[in-house]
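Here are the chains, one letter per residue:
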Amino acid sequence: MASFGESKRLECRFYEEPFPELESLVMVNVRNIAEMGAYVTLLEYNNIEGMILLSELSRRRIRSINKLIRVNRNEVVMVLRVDKEKGYIDLSKRRVSAEDVAKCEERYNKAKAVHRVMRHVADRCGQTLEELYKIVGWPLYKKYGHAYDAFKLCLSGENEDVFEACPSMDTETKACLTDYVKKKLSPQPIKVRADIEVTCFTYEGINAIREALFKGQEASIDDCPIQIRLIAPPMYVMTTMTLDKDLGVQTLTAAIAAVTDKILLKGGKIDIKMAPKAVSAREETELQAMMDRLAAENAEQDGDDDDENGDS
């Protein structure tokens, strides 16, 4: 476990300015709700405190403050006042539009990814996080608009040396930073999945289902190979791994259309239980656990049949 001094060494705001500008949008975490409003910490500014005044929570009449804002939830807010000497920061939630929220969340998520990289490199190279931001992070923000965009250029194979903007960075830090950016910010394959029920009670039955599923697999493309597995009759799971989520969804949608055309032609039917979507590791773990359980149940049933045959 890191000591107090060690953890302080790896703390720093995301941006060069210690306080946000007036009317800028910031991401906050709600810490406490009181009569005056909500006390929050500004996540991009090393958790300095601010307050969303009660009158700035909503444009409408407030019936229940807990329906508007909750402890531990992240919120996008606008900066109304900054008293740098006293450290008071007044914020507004009601002046933020849905479009503002989307823009702020995108910027915050990029800055958080940069922060993780910077924290790791500072730790590995024995520097304070603020020192590394001064040498690398803030010069990149200044030149490229966002340090994340500079890091992405490192991965693009372009000839441009983005770290020319950081003349005081030493060779060891540069090597460590480049290596970690390549490890952590390279595009990761995404699993896209759909769950379907396919049935056919005509003479061709199981053969018709098999043919229809083969038609689905034929919709595979180089960047999106399709796998179809049986969960338990008549439920099947269709998956693909891809770097492009939208392309994965499109490919599985086309595969389902191919299965549908074939099974309807054979007198069967298809029911889409889960439309194509990117799935999390947790959802995949739950699916695998269900398949393992069903496989164990089937094995037990087969074992019971064997015992009965052995006794007779």
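Conventions adopted
- Residues numbered from 1 in each chain as written.
- Predicted model: local features only at pLDDT ≥ 70, side-chain atom pairs only at ≥ 80, totals over all residues.
- Heavy atoms only, no water.
- Buried < 20%, exposed > 50% of the residue type's maximum accessible area, 1.4 Å probe, protein only.
- Helix = DSSP H or I, 4+ residues; strand = E, 2+ residues; numbered from the N terminus.
- Pairing = 2+ DSSP bridges.
- Axes fitted to C-alpha atoms, helices over the stretch in contact; angles between N-to-C directions.
- Parallel < 35°, antiparallel > 145°, perpendicular 65-115°, else oblique.
- Contact = heavy atoms within 4.5 Å.
- Nonpolar A, V, L, I, M, F, W, Y, C, P; charged D, E, K, R; others polar.
- Salt bridge = Lys/Arg side-chain N within 4 Å of Asp/Glu carboxyl O.
- Polar contact = N/O pair within 3.5 Å; in protein donor to acceptor, adjacent residues only side chain to side chain.
- Left-handed = near helix turned anticlockwise from the far one by under 90°.
- pLDDT = per-residue confidence, 0-100.
- Phe/Tyr/Trp six-rings, centres within 6.5 Å; stacked < 30°, edge-to-face > 60°.

Section: the pairing of strand β6 (residues 190-199)
Both faces of the sheet carry side chains from a regular strand, because those side chains alternate between them. Most of β6 sits inside the fold, with 7 of its 10 residues counted as buried. Pairing analysis gives 8 bridges linking β6 to strand β8 (residues 235-242), with the strands arranged antiparallel. The residue bridging R193 from the neighbouring strand is T239, located in β8. Two strands pair when backbone bridges link them, and β6 and strand β9 (residues 269-278) are joined in this way by 7 bridges, in the antiparallel orientation.

A look at the packing of helix α4 (residues 129-144) against helix α5 (residues 147-155)
A pair of packed helices can be characterised by two numbers: the angle between their axes and the separation between those axes. Close contact between α4 and α5 brings their axes to 7 Å; oriented N to C, the two are set at 90 degrees. As the angle between them shows, α4 and α5 are arranged roughly perpendicular. For the pair α4 and α5, the contacting residues are G137, L140, Y141 and Y144 in the first and A147, D149, A150, F151 and L153 in the second. By residue class, the composition of the contact of α4 with α5 is 7 nonpolar, 1 polar and 1 charged.

Side note on the pattern of salt bridges
This model, assessed by the stated rule, comprises 20 salt bridges. The closest approach of N and O atoms between R95 and E56, which form a salt bridge, is 2.8 Å. Taken as a pair, R95 in the loop between β5 (88-92) and α3 (98-125) and E56 in the loop between β3 (48-53) and α2 (65-68) lie far apart in primary sequence, 39 residues in all. The class of E56 is buried, set by a relative accessible area of 6%.

Regarding the pairing of β3
The pairing of strand β2 (residues 37-42) with β3 spans 6 bridges and is antiparallel. Its bridge partner lying in β3, V40 is registered against G50. What sits between the antiparallel neighbours β2 and β3 is a turn of 5 residues, in which N46 has the positive phi angle 55 degrees. The sheet contact formed by β3 and β5 spans 2 bridges and is parallel.

Some thoughts on the sheet that holds strand β1 (residues 25-33)
One closed barrel holds the 5 strands; their spatial order is β1-β2-β3-β5-β4, and the pairing between them is mixed. Neighbour-to-neighbour, the strand axes of the sheet open up by a mean angle of 50 degrees, direction not taken into account.

Focus: the environment of R193
When you line up the elements, R193 lands in strand β6. Separated by 59 residues in the primary sequence, R193 and L252 place their C-alpha atoms 7.7 Å from one another. R193 has contacts with V237, M238, T239, L252, M274, A275, P276, K277, V279, E283, E284 and L287, leaving out every residue within four places of it along the chain. In this structure the side chain of R193 is engaged in a polar contact, spanning 3.0 Å, whose partner is the side chain of D195.

Some words on the packing of helix α7 (residues 205-217) against helix α8 (residues 245-265)
Two elements in contact, α7 and α8, have axes separated by 7 Å at closest approach and are oriented at 150 degrees. What the angle tells us is that α7 and α8 run roughly antiparallel. Viewed along their axes, α7 and α8 form a crossing whose handedness is right-handed. Every residue of α8 that contacts α7 at A208, I209, E211, A212, L213, K215 and G216 is listed here: A255, A258, V259, K262 and I263. Looking at the contact of α7 with α8 residue by residue, the classes come out as 8 nonpolar, 1 polar and 3 charged.

Observations concerning the sheet that holds β6
Sheet architecture is open: 4 strands sit in the order β7-β8-β6-β9, paired in antiparallel fashion. Single-partner strands in this sheet number two, and they are β7 (226-232) and β9. On average, adjacent strands in this sheet sit at an angle of 20 degrees to one another, irrespective of strand direction. Sheet strands in contact with α7 are β6, β7 and β8, and its direction is about 145 degrees off that of β7. Packed onto the sheet, α8 meets β6, β7, β8 and β9 and runs at close to 175 degrees relative to β9.

Some remarks on the confidence of the model for the protein
Here the protein averages 87 in pLDDT, and 89% of its residues register 70 or above. The model gives residues 306-312 a pLDDT under 50, and that stretch makes 0 contacts with residues more than four places away or in other chains.

Overview of the side chain of T240
By the secondary structure assignment, T240 is in strand β8. Within the local environment of T240, its side chain forms a polar contact with the backbone oxygen of P225, the two atoms lying 2.8 Å apart. Excluding its chain neighbours within four sequence positions, the residues that come into contact with T240 are I190, K191, V192, C224, P225, I226, G248 and L252.

Here's the deal with the packing of aromatic side chains
Aromatic ring pairs are reported here in terms of the distance separating the ring centres and the angle at which the planes meet. What the rule picks out here adds up to 5 aromatic pairs. When the centroid spacing of 6.1 Å and the interplanar angle of 85 degrees are considered together, the rings of F14 and Y15 count as edge-to-face. For the residue pair F14 and Y15, the accessibility class agrees, reading buried in each case. Note on Y15 and Y141: the rings are 5.6 Å apart at their centroids and 85 degrees apart in plane angle, and the pair reads as edge-to-face.

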